Amino acid sequence: MSSHKLIIGNWKMNPSTLEDAKRIAKRTRTVAARLAHTEVVVCPPFPFIVAASSRKPSANFHIGAQSVSIEEGGAHTGEVGASMLKNLGAEYVIAGHSEQRASGDTDETVSKKIARILESGMTAIVCVGEKSRDENGGHFEFLKNQIKGSFTGIAEDKVKHIVIAYEPVWAIGAKEAMVPSDVNEMSIFVKKTFADIFGAEAGLKLKVLYGGAVNFRNAGEIVRSGRVDGLLVGRESVNMPGFVELLKAVDEVG
Ligand code: PGA
């Protein structure tokens, strides 16, 4: 496994024009090419995927999608299939983002999406995270159940193409990120839960990212002290030059 850090830029429903999408992607690609220890995945909205892609293959810059249909193809109005995304050059797809869970995706839906992503030969970025924390540690139980539910039916031989983004829902879109010591604790818990399902080796090899209110100021410290394999970045990923600074800060952690 490469020890490179993985930074996912989740653009969400931004930007509003093709010109801006091209500009953000180009700047990200240029900076990514200069990074020594960091790989970048940008996840634009579907209509901008082609424009954000590079004509030349790049080791440090990849394209992802924000979601995918659970269906393979056919009469499903408004849906986008995994094979279509793969065909456009996407290498990663996010599944189970809290905003999609909030609009109806259950653990079962998420597991079906993961299956489609893996079948199509892409990597699944699976988001998990508690809505709130309590003194009795109820968030551990919640997270364990969410991870178990989201991976039901996933074959063991496919797990090397899974990355987990731990995103406490209360930190997404918030002002402050989770403190790095808690990030570290939760990342260990995620790895342990994954190991309980898929075995010790899978747990060791799993990349766990942190997401929620990451910006250029806190990114380096979260990676360093939170000891995570990378970050899932929302707002800051479409904010230039903030994202450029964030990438440099993470790359310096080495
Ligand atoms: P944020 O979003 O970085 O804007 O908090 C993170 C996410 O939703 O993945």
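Please read all numbers here as calculations on a predicted model, not as lab measurements.

Trainee: Help me understand the state of the cysteines in this model?
Mentor: Think of a disulfide as a covalent bridge from one cysteine sulfur atom to another cysteine sulfur atom. One pass over the structure, following the stated rule, counts 0 disulfides. We note that Cys-43 lacks a disulfide partner, and the nearest cysteine sulfur, in Cys-127, lies 9.2 Å from it. We classify Cys-43 as buried; its relative accessible area is 0%. Residue class for Cys-127 comes out buried when judged on its relative accessible area of 2%.

Trainee: Which parts of the structure should I look at to understand the side chain of Thr-123?
Mentor: With respect to the helices and strands, Thr-123 occurs in strand β5 (residues 123-128). The buried category is assigned to Thr-123, whose relative accessible area is 14%.

Trainee: What's the story with the packing of helix α1 (residues 18-33) against helix α10 (residues 242-253) in this structure? I'm lost.
Mentor: For any two helices packed against each other, the geometry comes down to the angle between their axes and how far apart the axes lie. Packing of α1 against α10 leaves a shortest axis separation of 10 Å and a crossing angle of 20°. It follows from the interaxial angle that α1 and α10 lie roughly parallel. As α1 packs across α10, the resulting crossing turns out to be right-handed. Taking contact as the criterion, the partners of Arg-27, Thr-28 and Val-31 in α1 are, on α10, Phe-243, Val-244 and Leu-247. By residue class, the composition of the contact of α1 with α10 is 4 nonpolar, 1 polar and 1 charged.

Trainee: Before we go on, may I ask you to explain the pattern of salt bridges in this structure?
Mentor: Side-chain pairs of opposite charge can arise whenever the charged atoms involved come near each other. The full count for this structure, using the stated rule, is 13 salt bridges. One salt bridge connects Lys-191 with Asp-229, and the closest N-O pair in it is separated by 3.3 Å. Of the two residues, Lys-191 sits in helix α7 (residues 180-198) while Asp-229 sits in the loop between α9 (219-226) and β8 (230-233), which places them 38 residues apart along the sequence. For Lys-191, a relative accessible area of 23% translates into the label partly exposed. For the salt bridge of Lys-205 with Glu-201, the shortest nitrogen-to-oxygen distance reads 2.7 Å.

Trainee: Mind showing me how you'd approach the packing of α7 against α9 here?
Mentor: Relative orientation of the contacting elements α7 and α9 amounts to 50°, with a least axis distance of 8 Å. Our classification of the angle between α7 and α9 gives oblique. Note on packing geometry: the crossing formed by α7 with α9 is right-handed. Of the residues in α9, those in contact with Pro-180, Val-183 and Asn-184 of α7 are Glu-221, Ile-222, Ser-225 and Gly-226. A breakdown of the residues in the contact of α7 with α9 according to their chemical character gives 3 nonpolar, 3 polar and 1 charged.

Trainee: Help me out: how do you make sense of the sheet that holds strand β1 (residues 5-10) in this one?
Mentor: Remark on secondary structure: sheet strands pair via backbone hydrogen bonds, oriented parallel or antiparallel. Spatial ordering of the closed barrel is given by β1-β2-β3-β4-β5-β6-β7-β8, a layout of 8 strands whose pairing is parallel. Adjacent strand axes in the sheet meet at a mean angle of 25°, parallel and antiparallel pairs treated alike. Note that β1 and strand β2 (residues 38-43) share 6 bridges and pair parallel. Considered in β2, the bridge of Gly-9 is made with Val-42. Against the sheet, α7 makes contact with β6 (162-166) and β7 (207-211), and its axis sits at roughly 145° relative to β6, the strand it touches most. In the packing of α10 onto the sheet, contacts are made with β1, β2 and β8, and the angle to β1 comes to roughly 165°.

Trainee: Can you help me understand the nonpolar core in this one?
Mentor: Generally speaking, a soluble globular protein has its nonpolar side chains buried in company with each other. Judged by nonpolar contacts, the single largest core of 64 residues is most densely connected at Ile-114, Phe-151, Ile-162, Phe-194, Tyr-210, Leu-231 and Leu-246. Considering each element in turn, this core owes the most residues, 6 residues, to α7. Among all residues touching Leu-231, those that are not within four sequence positions of it are Leu-6, Ile-7, Ile-8, Leu-209, Tyr-210, Val-214, Ala-219, Ile-222, Val-223 and Val-250. Counting 12 residues, the second largest nonpolar core, distinct from the first, contains Cys-43, Tyr-92, Ala-165 and Leu-232.

Parameters and conventions
Residues numbered from 1 in each chain as written. Predicted model: local features only at pLDDT ≥ 70, side-chain atom pairs only at ≥ 80, totals over all residues. Heavy atoms only, no water. Disulfide = S-S within 2.5 Å. Buried < 20%, exposed > 50% of the residue type's maximum accessible area, 1.4 Å probe, protein only. Helix = DSSP H or I, 4+ residues; strand = E, 2+ residues; numbered from the N terminus. Axes fitted to C-alpha atoms, helices over the stretch in contact; angles between N-to-C directions. Parallel < 35°, antiparallel > 145°, perpendicular 65-115°, else oblique. Left-handed = near helix turned anticlockwise from the far one by under 90°. Contact = heavy atoms within 4.5 Å. Nonpolar A, V, L, I, M, F, W, Y, C, P; charged D, E, K, R; others polar. Salt bridge = Lys/Arg side-chain N within 4 Å of Asp/Glu carboxyl O. Pairing = 2+ DSSP bridges. Core = buried A, V, L, I, M, F, W, Y, C linked by side-chain atoms within 4.5 Å.

Purely spatial values, then, with no claim about function.
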